[in-house]
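What follows is the residue order along each chain.
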Amino acid sequence: MARVRPYPVAAIVNDSLRYALIILFSSAVGLVAVLANRLTERVKIPVPLLVLVGTALVVHAVPAVQSPSERIVERVITIALVLVLFDGGMHIGPSRFRAAVVPILSVGVVGTALTAAGAALMLHYGCGVGWFPAVLVATAVAPTDPAVVFSVLGKREIRGRSSTILEGESGANDPVGIALMSSLIAAGGLSAAGFAGVGAQFALQMAVGLAVGVVGGRALLVFMRRVALPSEGLYSLRTLASSLMLYGIATLAHGSGFLAVFVAGIVIGDARAPYKPEIKRFHAALAGLAEIVAFAILGLTVDLNVLTHPDVWIPGVVLGAALTALIRPAAVSACLVGVRLRRNERLFILFAGLKGAVPILLGEFLRAAHIPDAERLYGVVVVVVIFSVLVQGSAVPGVARLLRLPMRTVETQPWAIGVRLADEPEGVHRFNVASGSAAEGCTVEGVSDRVGDIWVSIVVRTTGLVPVRGDTELQAGDEVVILADPELHDTLAELFGSR
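Residues numbered from 1 in each chain as written. Predicted model: local features only at pLDDT ≥ 70, side-chain atom pairs only at ≥ 80, totals over all residues. Heavy atoms only, no water.

**Concerning the nonpolar core**
Burial of nonpolar side chains together is a common tendency in soluble globular proteins.
1) Next: In terms of nonpolar packing, the biggest core is built from 113 residues, with I77, L298, L319, L336 and F348 touching the most fellow members.
2) Next: Looking at this core element by element, the count peaks at 13 residues for helix α16 (residues 374-402).
3) Next: Beyond its immediate stretch of four places on either side in the chain, I77 contacts A294, I297, L298 and L361.
4) Next: Membership of the second largest hydrophobic core comes to 20 residues, among which are V433, V459, V466 and V480. (Core = buried A, V, L, I, M, F, W, Y, C linked by side-chain atoms within 4.5 Å. Buried < 20%, exposed > 50% of the residue type's maximum accessible area, 1.4 Å probe, protein only. Helix = DSSP H or I, 4+ residues; strand = E, 2+ residues; numbered from the N terminus. Contact = heavy atoms within 4.5 Å.)

See below:
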C-alpha cells in the first residue's frame, strides 16, 4: 500500500500565521475605518477616500500584500452593492419615493445617460481618447454615491426632498450604469447595430429587474408578516437571504439584480412587520460594513505608479473638474425642469453628485474584459473618483452652509424604551412633527380637538421624553406615538406632515 506523506507541521503553522495576519490586517482596516468617522467630523475628508488611499498605500509599500484577482473583486463588490442598495431602498421607503418619484427617475436614468454622453464628448474632443474607450470610461464615472455626501455632513441631516432625490438617484443610476457597461462590453464596439443591441439589452435588464423587485418585495413582505421564526435573530437573517435571492433570480432572468434589490427595499421600507426596527438596524450596519469593505478591496487594486502617469492623472483631473462644474449640473438641470424645488435645494442636487465605489467597480469590469489599454482607463476612473471625493466631498459642508439648506442635527440615541407584543397592535400611529406642519406649535389637546378620539401616549424630543399633558406643546422634530382608529391615519399624516 502506498504510504500517505504527512503534511509538514511547519507548513500548517505558516499557513495559520499567514491567515492570522490576514485577519489582523482586515480587522485593523475595519476598526480604523470606523474610528475615522470621528476624524471626519473635524477634517471634512470622507471616510471612503481614507480607506481607498490607505489600502492603496499598503499595497504599494508592502510587497507581501498582493492585489486580488478581478473575479474576487467583482464578486465581493457585487455582494457589497446588494447590501448597500437594499438598505438604501428600505431607508427611502414607498412614501418618500412617491413624493419624489419623477425627479428620482429622470435624474437617475436620463440624467445618468446625459452625464455619460457629456463625459464621452469631453474625453474624446478634450483629451484625445478614442470613441469606444471614451464611452466606456464615461459610463463608468456617471453613477453617484450619496453615502459619500452624507458621511462628510456628519450629524447634520438635510431636510426636504433634496436628500431623497440624491439617495434615489444613486439607487437608480447604479443599476443603470452597471447594465450599460455590461451591454457596451458585450457589444465590443460602437455601431448602429451595437447601439440597437445595447438598447434592447438595457431595456430588458431594467424591465426584469423592476418586475422582480416589485413582486419579490411584496412576497418578502408577506413572508415577513405571516411566517413566524423561533428566535429574534433569524428575522434579520431571513431578509438578508431573501435580498440575495432576489438578486440571483433577477440576474438569472437576464435582468438587473441590483435594481431588483433596490426596488424590493423600497417596497418593504415603510411596512410594519415583526422585529422591523431590528431588521433595519441590522441592514444599516451591514451596509456600513459593505461600504468599508468595498473601498478597501478596491484600494488593493489601485496601482499608484499608473496613477502618476501624465496620460492618466491629467485626463482624470480634467474629467473630474468637468463633471463637477459643467457636465453633471447641465444634465441634471435639464432633468429637473418642471420639478418644484427650492432654488437652494436644486443647486445642492446639481453639485452633490459625488462618485463612489460603483465607478471603480465598472472600471474593474474593463480590466476583467481585457479592453485595450484597460490599465490606463482604469487609472483615469480612479483619479476621477479621488478628485470627486476629495475636492467635491470636502466642499459639501461649505456649499450646504452657503446655500442655507434646511438642516437639523441628529444626535445619537443609544438608549431606547419599548414593549414587546405577541400580536400586531391595532391603531398605533407614529409620526414626526414636520417643520411648518399644522401640528407644530399645537398642544396635545388641540390635536385631539382637530382629529377626534385619539390618545397621545408618547412624545420624544431631542432632550428626552416629554411629559404628555393637555397643554404640552408640540415642536418640529418631535416624535409622537398616538393611539387612534386606523382609519384616522391619513388625517393624522396630513396634520403632522409638511405643507
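The discussion continues.
**Comments concerning the environment of K276**
1) Next: You can see K276 is positioned in helix α11 (residues 276-299).
2) Next: Owing to a relative accessible area of 7%, K276 belongs among the buried residues under this scheme.
3) Next: Taking the C-alpha atoms as reference, K276 lies 8.6 Å from S236; in sequence the two are 40 residues apart.

**Comments concerning helix α2 (residues 47-61)**
In an α-helix, one full turn covers 3.6 residues, which means residues spaced three or four apart are oriented alike.
1) Next: When the terminal C-alpha atoms of α2 are compared, their 21 Å separation across 15 residues agrees well with the 21 Å that a helix rising 1.5 Å per residue should span.
2) Next: Burial in α2 covers these residues: V47, P48, L49, V51, L52, T55, A56 and V59. (Expected span 1.5 Å × (residues − 1).)

**A look at the pattern of salt bridges**
1) Next: Applying the stated rule across the entire model yields ten salt bridges.
2) Next: Here R96 ties to E167 by a salt bridge, and the two come within 3.2 Å at their closest N and O atoms. With R96 in helix α3 (residues 70-99) and E167 in helix α7 (residues 161-187), this pair connects stretches of sequence that are 71 residues apart.
3) Next: Residue R96 is classed as partly exposed on the basis of its relative accessible area of 24%.
4) Next: Overall, the relative accessible area of 12% leaves E167 in the buried class.
5) Next: Put simply, D478 and R461 hold a salt bridge, and the shortest N to O gap is 2.8 Å. (Salt bridge = Lys/Arg side-chain N within 4 Å of Asp/Glu carboxyl O.)

**Thoughts on the layout of surface pockets**
1) Next: In this structure, the second largest pocket encloses a volume near 690 Å³.
2) Next: Around the second largest pocket, the lining comprises 23 residues; the ones closest to its centre are I22, F25, S26, V65 and L300.
3) Next: Elements supplying a minimum of two residues to the lining of the second largest pocket: α1 (9-39), α2 and α11.
4) Next: Among the elements that make up the lining of the second largest pocket, the one with the highest residue count is α1 (nine residues).
5) Next: For the lining of the second largest pocket, a count of residues per class yields 18 nonpolar, four polar and one charged. (1 Å grid on protein atoms, 1.4 Å probe; cavity = no way out; pocket = protein on both sides within 12 Å on 5 of 7 lines; lining within 4 Å. Points joined across faces, edges and corners; volume = space filled by probe spheres on them. Nonpolar A, V, L, I, M, F, W, Y, C, P; charged D, E, K, R; others polar.)

**Looking at the packing of α7 against helix α10 (residues 257-269)**
1) Next: Put simply, α7 and α10 touch, their axes get as near as 8 Å, and they point 160° apart. Taken together, the axes of α7 and α10 are roughly antiparallel relative to one another. As for how α7 packs across α10, the hand of that crossing is left-handed. Together, G168, G171, A172, P175 and I178 of α7 and F258, L259 and F262 of α10 make up the contact between the two elements.
2) Next: Residue classes in the contact of α7 with α10 are distributed as six nonpolar, two polar and no charged. (Axes fitted to C-alpha atoms, helices over the stretch in contact; angles between N-to-C directions. Parallel < 35°, antiparallel > 145°, perpendicular 65-115°, else oblique. Left-handed = near helix turned anticlockwise from the far one by under 90°.)

**A word on the sheet that holds strand β3 (residues 428-432)**
1) Next: Across the sheet, four strands lie side by side as β3-β6-β4-β5; this open sheet has antiparallel pairing. The open sheet has two free edges, formed respectively by β3 and β5 (464-465), since each of these has just one partner strand.
2) Next: Contacting β3, β4 (454-461) and β6 (479-484), helix α18 (residues 489-496) runs over the sheet at an angle of about 15° to β3. (Pairing = 2+ DSSP bridges.)

Purely spatial values, then, with no claim about function.
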